[in-house]
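Residue-level listing of the chains:
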Amino acid sequence: MSGLAPVESPRTDSGLPFDLPEDGAGQLRRSGYISTTYQSAEGDSSAGVSSVLLLETEAGAHDWMAYETSDEGIRHQIPAPPGGQDPTCTAMRSATSTGPRAIYERTGGTCPD
């Protein structure tokens, strides 16, 4: 993590990495989910957590990313803000990770009204 320093040793957990609806948890299991490794870090004025999901195969990783970057997957990860703007648009505007960047590319940088 740029500008951040680790604050503890990495830790690995084989439980679900975040709260998922039943269909999302099923997709993660079908994708061959093994575990998630987390690393907390902080800087002078910021902090964060880096995480890496380990899946059994490259094909499983592709399957999971397809779900995670789908409209359905994004709606489960990013709650709609007050006023009800589509969370895929919110994610697209903060395109700093693979999922939001994929959405940005897929939609051509446009948000639904």
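Sequence positions are assigned chain by chain, starting from 1 and proceeding in written order. With pLDDT at 70 or above as the cut-off, local features in this predicted model cover only qualifying residues; side-chain atom pairs require 80 or more to be listed or tallied, and sums for whole chains, interfaces and linings still use all residues. Each side-chain value is worked out from all heavy atoms of the structure, with water and hydrogens disregarded.

## Brief notes about helix 1 (residues 22-30)
The set of residues buried in helix 1 consists of Gly 24, Ala 25, Gly 26, Gln 27 and Leu 28. Working rule for contacts: check all heavy atoms of both residues, and any pair within 4.5 Å makes them a contact. Strands are runs of DSSP state E lasting at least two residues, helices are runs of H or I lasting at least four, and both sets are numbered from the N terminus onward. Looking at the buried residues of helix 1, the elements they touch are strand 3 (33-42), strand 4 (47-55) and helix 2 (58-68). Just downstream of helix 1, Gly 32 is the residue with a positive phi angle, here 90 degrees. Only protein chains enter the calculation, and the probe is 1.4 Å; a residue is then buried if its accessible area is under 20% of its type maximum, exposed if over 50%, and partly exposed in between.

## Some points on the packing of aromatic side chains
Planes of paired rings set the category: under 30 degrees apart is stacked, over 60 is edge-to-face and the rest tilted, where pairs are Phe, Tyr or Trp rings (Trp by its six-membered ring) whose centres lie within 6.5 Å. For the structure shown, the criterion picks out 1 aromatic pair. Here the aromatic rings of Trp 64 and Tyr 67 are separated by 5.2 Å at their centres, their planes lie at 35 degrees, and the arrangement is tilted. Remark: Tyr 67 and Trp 64 occur in helix 2; sequence separation between them is 3 residues, near one turn of the helix. With a relative accessible area of 3%, Trp 64 lands in the buried category.

## Here's the deal with the pairing of strand 4
The pairing criterion is simple: DSSP has to find at least two bridges between the two strands. Where strand 3 and strand 4 come together, 9 bridges link them in antiparallel fashion. Counted as the bridge partner of Ser 35 is Leu 54 from strand 4. Taking the residues that link successive antiparallel strands as the turn, the strand 3-strand 4 hairpin has 4 residues.

## Description of the pairing of strand 3
Of all 10 residues in strand 3, 7 are buried; the element is thus mostly enclosed. Relative to strand 3, strand 1 (residues 5-6) is paired through 2 bridges, and the arrangement is antiparallel. The partner of Pro 6 across the bridge, within strand 3, is Ala 41. Where strand 2 (residues 11-13) meets strand 3, 3 bridges bridge the pair, whose relative direction is antiparallel. Note that in strand 3 the partner of Asp 13 across the bridge is Thr 36.

## Re the nonpolar core
In this structure, Leu 20, Ala 25, Leu 28, Tyr 33, Leu 55, Trp 64 and Tyr 67 together form the largest nonpolar core, which totals 7 residues. At the level of elements, helix 1 and helix 2 are the ones that each hand at least two residues to this core. With residues up to four places along the chain from it excluded, the contact list for Tyr 67 reads Pro 21, Asp 23, Gly 24, Gln 27, Glu 72, Gly 73 and His 76. For our purposes a nonpolar core is just a set of buried Ala, Val, Leu, Ile, Met, Phe, Trp, Tyr and Cys residues, chained together by side-chain atoms within 4.5 Å.

## Description of the pattern of salt bridges
A pair is scored as a salt bridge if a Lys or Arg side-chain nitrogen falls within 4 Å of a carboxyl oxygen belonging to Asp or Glu. Enumeration over the complete set of coordinates arrives at 1 salt bridge. Residues Glu 8 and Arg 11 are paired through a salt bridge, measuring 2.7 Å at the closest nitrogen-oxygen approach. A relative accessible area of 38% means that Glu 8 is categorised as partly exposed.

## So, the environment of Ser 14
The residue Ser 14 is located in the loop between strand 2 and helix 1 in this model. Among the residues examined, Ser 14 registers a relative accessible area of 58% and is labelled exposed. Along the sequence, Ser 14 and Leu 53 sit 39 residues apart, while their C-alpha atoms lie 9.6 Å from each other. Not counting chain neighbours up to four residues away, the residues in contact with Ser 14 comprise Tyr 33, Ile 34 and Ser 35.

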